[in-house]
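The chain contents come next:
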Amino acid sequence: MSQEAMPTTQDLLRGERRASRDMPLWKYVRLNWVLYIMLIPGLINLLLFKFLPMYGIVVAYQDYSPKGGFFHSQWVGLKHFQTFFSDPFCWRIIRNTFVLGLESLFLSFPAPILLALLLNELRYPRFKRVVQTISYMPYFLSVVIVVGMMKELFNMSNGPVNELLAALGLERQNFFMMPSAFRPLYIGSGVWQGIGYSSIIYLAAIAGINPEMYESAVLDGAGRVKQMWYITLPSILPTISILFILAVAGILGNDYQKILLMYSPRTYSTADVVNTYVYRYGIETAGNHLSYSSSVGLLVNVVSLVFLIIANTVTGRLSETSLF
């Protein structure tokens with residue numbers, strides 16, 4: 001059989017998917033019963049720890065008290081939602097959440113893709129492994145350690161950054177008390193900590209590209225940049241699309257633990273987001289505003305779900321790749 005007539009892996013996968021669609025459901029389940037049995041523990045875990053606790057949503061519509069519980073607390077309807085939108089800090093919190101989430105998305109999302117493309121172009125395997133290891137290491141540091149390192153680095157009295165400013169004849173700055181410095185510090189440290197680990201999935205997708213495509217491109221006279229642009233990027237586009245959908249859904253889910261360690265009342269104007277607001281009202285008040293904080297958290301989750309659906313729909317139409 002000639003090489004042109006030989007079916008490719010993609011052709012075989014398309015044939016299997018087509019056959020599975022034409023096959024009756026009972027027969028498909030019978031053929032793959034082992035896989036369905038393997039799903040049972042995960043489904044039980046999902047049911048017990050994800051779906052059943054969703055009944056707690058009713059707290060957002062009650063003046064909840066531990067004594068009354070879910071069934072005997074007073075129902076108040078949309079009272080807590082109205083209270084949140086009438087709060088004088090409401091729109092500042094919403095603005096900070098969206099701005100911080102969008103800036104993190106546009107700066108953090110492309111970074112691991114770029115790193116994976118650059119690592120793929122390295123010609124020396126040993127040097128490539130060293131660079132990968134160094135880029136992965138920050139991910140395994142806890143948030144407490146990362147913020148502690150940042151505070152030492154930007155310390156006003158003897159931090160390296162302020163020592164450099166003083167050597168240049170510039171005034172020392174207390175960066176952690178500057179509202180304008182919070183977002184660069186938060187986003188920059190996030191990129192540094194996660195870029196290496198996040199690039200793993202893109203490197204795995206690149207490793208699955210057929211080498212013959214690059215060989216054909218070389219024969220056609222394509223250089224490294226053109227190979228990257230016309231072969232590598234289109235080949236990993238489905239992976240990029242799926243991760244982009246998930247990233248858009250998480251725009252409102254800022255790392256509140258890191259923000260709590262970094263911010264102070266002087267930086268609330270740019271650092272206070274919905275999650276930290278919920279924490280202050282729901283935890284620091286010893287549960288006295290549990291229903292109120294639950295309603296705000298529910299609102300964030302609903303908006304995140306809307307973002308997920310919109311991103312999935314748009315990405316599915318543009319790249320023909322979607323979650324559902």
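Our subject in this report is the structure included herewith. (Residues numbered from 1 in each chain as written. Predicted model: local features only at pLDDT ≥ 70, side-chain atom pairs only at ≥ 80, totals over all residues. Heavy atoms only, no water.)

## What to know about the pattern of salt bridges
What counts is decided by this rule: Salt-bridge detection follows one rule: a side-chain nitrogen of Lys or Arg within 4 Å of a carboxyl oxygen of Asp or Glu. Counting from the N terminus, the helices are DSSP H or I runs at least four residues long and the strands are E runs at least two residues long. Three labels apply to residues, based on accessible area from a 1.4 Å probe with only protein chains included: buried if under 20% of the type maximum, exposed if over 50%, partly exposed otherwise in between.
In the structure shown here, the tally under the stated rule is 5 salt bridges. The shortest N-O distance in the salt bridge between R92 and D272 comes to 3.5 Å. With a gap of 180 residues between them, R92 in helix α6 (residues 90-108) and D272 in the loop between α15 (268-271) and α16 (274-282) connect regions that are remote in the sequence. In this structure, R172 and E163 form a salt bridge, with 3.4 Å as the shortest nitrogen-oxygen distance. When its relative accessible area of 27% is taken as the criterion, R172 is described as partly exposed. In this structure E163 comes out as partly exposed when scored by relative accessible area, which is 36%. A network of salt bridges, in which partner residues are shared, links R92, D272 and R280.

## A short note on helix α13 (residues 224-249)
Since one α-helical turn is 3.6 residues long, residues separated by three or four positions face the same way. As a reminder of what qualifies: At every residue, the bend is computed as the angle between two fitted axes, covering the seven residues ending there and the seven beginning there respectively. Contact definition: two residues touch when any of their heavy atoms are within 4.5 Å.
Along α13, the sharpest kink reaches roughly 50°, centred on L237 and followed within four residues by the proline P238. If you check which residues of α13 are buried, you get Q227, M228, I231, T232, I236, I240, S241, I245, V248 and A249. Against the buried residues of α13 lie α6, α7 (110-120), α11 (179-207), α12 (211-219) and α17 (290-319).

## Topic: the packing of aromatic side chains
Selection rule: Here is the rule: rings of Phe, Tyr and Trp (six-membered ring for Trp) pair when centre to centre is within 6.5 Å. Planes less than 30 degrees apart are stacked, more than 60 are edge-to-face, and the remainder are tilted. The rule is short: NZ of Lys or CZ of Arg within 6 Å of the ring centre and within 35 degrees of the ring normal puts a charge over the ring.
Under the counting rule described, the total for this entry stands at 16 aromatic pairs. Taken together, a centroid distance of 5.9 Å and an interplanar angle of 20° make the contact between F182 and Y186 stacked. Residue F182 and its partner Y186 are both found in helix α11; the two are separated by 4 residues, about one turn of the helix. For the pair F182 and Y186, one class covers both residues: buried. Chaining the aromatic ring pairs together yields one cluster made of F84, F85, W91, Y277 and Y292. Over the ring of Y186 we find K258, and its NZ or CZ is 5.0 Å from the ring centre. The ring of Y268 is capped by R280, whose NZ or CZ atom sits 4.8 Å from the centre of that ring.

## A few points about the packing of α6 against α7
The test is simple: Axis definition: a line fitted to C-alpha atoms, over the contacting stretch in the case of helices. Angles run 0 to 180 degrees between N-to-C directions. Oblique is the label for every angle not falling under 35 degrees (roughly parallel), over 145 degrees (roughly antiparallel), or within 65 to 115 degrees (roughly perpendicular). Three classes are used: nonpolar for Ala, Val, Leu, Ile, Met, Phe, Trp, Tyr, Cys and Pro, charged for Asp, Glu, Lys and Arg, and polar for all others, with Gly counted as polar.
Running from amino to carboxyl end, α6 crosses α7 at an angle of 5°, the nearest separation of the two axes being 5 Å. One element, α6, and the other, α7, form an angle in the roughly parallel class. Judged by residue contacts, L105, F106, L107 and S108 of α6 engage P110, A111 and P112 from α7. Considering only residue class, the contact of α6 with α7 consists of 6 nonpolar, 1 polar and no charged.

## Remarks on the environment of I283
Mapped onto the elements, I283 comes out in the loop between α16 and α17. We classify I283 as exposed; its relative accessible area is 53%. Distance in space between the C-alpha atoms of I283 and S293 is 8.9 Å, their sequence separation being 10 residues.

## What about the packing of α11 against α13?
Heads up, the rule is: Less than a right angle of anticlockwise turn of the near helix away from the far helix marks a crossing as left-handed, whereas a clockwise turn marks it as right-handed.
Orientation of α11 relative to α13, taken along the N-to-C sense of each, is 140°, at an axis distance of 9 Å. Between α11 and α13, the interaxial angle falls into the category oblique. Pair α11 / α13 crosses with right-handed handedness. Residues I201, Y202, A205 and I206 of α11 lie in contact with α13, whose contacting residues are T232, I236, T239, I240 and L243. Across the contact of α11 with α13, the residue classes break down as 7 nonpolar, 2 polar and no charged.

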